[in-house]
Amino acid sequence: MSQDSPGAVALTTKVILEPDDSQRLAALCGPFDQNLKHLEKRLGVLIRNRGNVFQVSGPERRLKAASALLSQLYRDTAERDDIDPDVVHLYLQDAGVDELLAREAETGGAAASGSDAPVIHTGRKTVMPRGANQVGYVRAIRENDVNFGIGPAGTGKTYLAVACAVEALESQRVSRILLVRPAVEAGEKLGFLPGDLAQKIDPYLRPLYDALYEMMGVDRVNKYIERNVIEVAPLAYMRGRTLNNAFIILDESQNTTIEQMKMFLTRIGFSSTAVITGDITQIDLPKGQKSGLVNVRDVLRDVDGISFTHFSSRDVVRHPLVQKIVEAYAAFSDAEVHGSRRPRDRGRPADGAGPAGRARAGDAGPADDR
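Attention here is on the structure that accompanies the text.

Rules behind the numbers
Residues numbered from 1 in each chain as written. Predicted model: local features only at pLDDT ≥ 70, side-chain atom pairs only at ≥ 80, totals over all residues. Heavy atoms only, no water. Helix = DSSP H or I, 4+ residues; strand = E, 2+ residues; numbered from the N terminus. Buried < 20%, exposed > 50% of the residue type's maximum accessible area, 1.4 Å probe, protein only. Contact = heavy atoms within 4.5 Å. Areas by Shrake-Rupley, 256 points an atom, 1.4 Å probe, with all protein chains shown as cover. Pairing = 2+ DSSP bridges. Core = buried A, V, L, I, M, F, W, Y, C linked by side-chain atoms within 4.5 Å. Polar contact = N/O pair within 3.5 Å; in protein donor to acceptor, adjacent residues only side chain to side chain. Patch = residues over 30% accessible without salt bridge, like charges linked within 9 Å, V, L, I, M, F, W, Y side chains within 5 Å. Salt bridge = Lys/Arg side-chain N within 4 Å of Asp/Glu carboxyl O. Lys, Arg positive; Asp, Glu negative; His and termini not counted. Charge placed at Lys NZ, Arg CZ, Asp CG, Glu CD. Phe/Tyr/Trp six-rings, centres within 6.5 Å; stacked < 30°, edge-to-face > 60°. Lys NZ or Arg CZ within 6 Å of the ring centre and 35° of its normal.

With that settled, the discussion passes to the overall build of the chain. Of the regular secondary structure elements, the chain holds 14 helices and 11 strands. The burial tally for the chain puts 44% of its 370 residues in the buried class. Looking at the chain alone, contacts between residues at least 24 apart form 73% of all its contacts between residues at least 6 apart. Per element, the accessible surface of the chain, about 19,600 Å² overall, is 50% carbon and sulfur.

Once that is clear, we can look at the pairing of strand β2 (residues 46–50). In the sheet, β2 pairs with strand β3 (residues 53–59) via five bridges, with the strands oriented antiparallel. Within β3, the position partnered with R50 by the bridge is V53. The loop that links β2 with its antiparallel partner β3 comprises two residues; one of these, G51, has a positive phi angle of about 65°.

In this section: the nonpolar core. In terms of nonpolar packing, the biggest core is built from 33 residues, with L179, M216 and F247 touching the most fellow members. Sorting elements by how many residues they give to this core places helix α7 (residues 157–170) first, with nine residues. Excluding its chain neighbours within four sequence positions, the residues that come into contact with F247 are I141, A161, C164, A165, A168, V174, R176, I177, L178, T273 and V275.

Moving on, we get to helix α12 (residues 292–299). Burial in α12 covers these residues: G292, L293, V294, N295 and V296. On its buried face, α12 sits against β6 (146–150), α11 (258–265), β10 (273–278) and β11 (306–310). A side-chain oxygen of the first residue of α12 lies 3.1 Å from the backbone nitrogen of L293; this N-cap is S291.

Quick look at a negative patch on the surface now. Taken together, the side chains of D81, D82, D84 and D86 make up a negatively charged region of the molecular surface. Here D82 is to be found in the loop between α3 (60–76) and α4 (85–91). Residue D82 is classed as partly exposed on the basis of its relative accessible area, which comes to 42%.

Attention now moves to the pattern of salt bridges. Inspection of every chain in the model, using the stated rule, returns nine salt bridges. One salt bridge in this structure joins E170 and R220, with 2.8 Å as the shortest N-O distance. Taken together, the residues span a long stretch of sequence, with E170 in helix α7 and R220 in helix α10 (residues 218–226) at a distance of 50 residues. Exposure remark for E170: the relative accessible area of 27% places this residue in the partly exposed category. With relative accessibility at 31%, the residue R220 sits in the partly exposed group. Put simply, E231 and R241 hold a salt bridge, and the shortest N to O gap is 2.7 Å. Placement of E231 in strand β8 (residues 230–234) and of R241 in the loop between β8 and β9 (246–250) is noted, with a sequence separation of 10 residues between them.

A few words on the packing of aromatic side chains. One pair of aromatic rings is described through two measures. These are the centre distance and the angle between the planes. Applying the stated criterion across every chain, the model contains three aromatic pairs. Relative to F308, the ring of F148 lies with its centre 4.6 Å away and its plane at 5°, an arrangement referred to as stacked. Taken together, the positions of F148 in strand β6 and F308 in strand β11 put the pair 160 residues apart, joining distant regions of the chain. Over the ring of Y74 we find R24, and its NZ or CZ is 4.4 Å from the ring centre.

Attention now moves to a nonpolar patch on the surface. A grouping of L321, I325 and Y329 is seen on the molecular surface, where their side chains present a nonpolar patch of about 350 Å² in accessible area. Of note, Y329 is situated in helix α13 (residues 320–338).

Before going further, it helps to examine the environment of V146. With respect to the helices, strands and loops of the structure, V146 is situated in strand β6. Sequence separation of V146 and A274 is 128 residues, and the distance between their C-alpha atoms is 4.8 Å.

Here the focus is the side chain of Q254. Topologically, Q254 is positioned in the loop between β9 and α11. On the basis of relative accessible area, Q254 is assigned to the buried category, the value being 1%. In terms of polar contacts, Q254 uses its side chain to reach the side chain of E252, at 2.6 Å. Within the structure, the side chain of Q254 is placed 3.1 Å from the backbone nitrogen of D279, a separation counted as a polar contact. Excluding residues that lie within four positions of it along the chain, Q254 makes contacts with T277, G278, D279, I280, Q282, I283, L285, S291 and L293.

Burial analysis of β8 places five of its five residues in the buried class, the great majority of the element. Neither face of β8 is exposed, since I230, V232 and P234 on one face and E231 and A233 on the opposite face are all buried. As defined by bridge partners, strand β7 (residues 176–181) adjoins β8 across five bridges and the pair is classed as parallel. Paired with L178 across the strands is E231, a residue of β8.

Set out below in structure tokens:
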């Protein structure tokens, strides 16, 4: 959207949303019109409405984007009772807006968006992937036996993997779900954890449990765990096993060693699907130990039947600030690797200039682990 100049001429257009349904319109606008306000703030436009007639004012390119987004979000209300802020945020990603505008231009506003996207059906809710990367990720999981989802936090890697696992279990394509995670603390030692094996690793698998509870309900998940239909296991306990007719999710795989990754991948048996998720910018392994996820990208890059989906900050579906945080850390890390100064440091000596400063900058560790 930055292509619009500050002095761009403001135009006004009218968007009529059909059918005129008060409940769907309320879902589109959100409580206290928060969705409309979010669109206004992010796109720099003015939106006013009376019933199903919306008036949008702003620079031409932003006006077209806002009009297209209103139409697409309203179409989504036909299948959902409300529009969450994360849905609005995702549609507002620049790449998503550009793709949406292109589709609107090609189809003349027809409901092409999302019509051919995969939909994941679980017992309690329907999950719709958003954006090209999420759509491609779900399709890859359905078409390949081994799938990698690599990218920053908040991009839906784990959530979509769990949704696909639940769908596969409920449609009887697999007979069980395995949730696996390396028991590596995030930079701090947690010490001895009481309880049995499941209780010890529960804290590490909480994001997976939360997604399961949302899609299946707490009682049903707990019943399946008791019957070993859903099994939780630390990565170290996978050696020697062969996993047939199962949907296996290895979460936080950036914290596997090269040997652990190889061991896990060779556990996969017939009629099984494996999804391996991780963020190579958040590796908690001891210094000097290379991540198995970093290594496997090069080892298995050209192997048929294995898919790699790479997410970026544009795919983040959490609070809008999460995307900016991810981008800021990436930019800072890149500046350190290349020894460049941050913009705010221009015009004055960099901190720690000289041999000592250069030594500290070079002490960041292997570049390919970031």
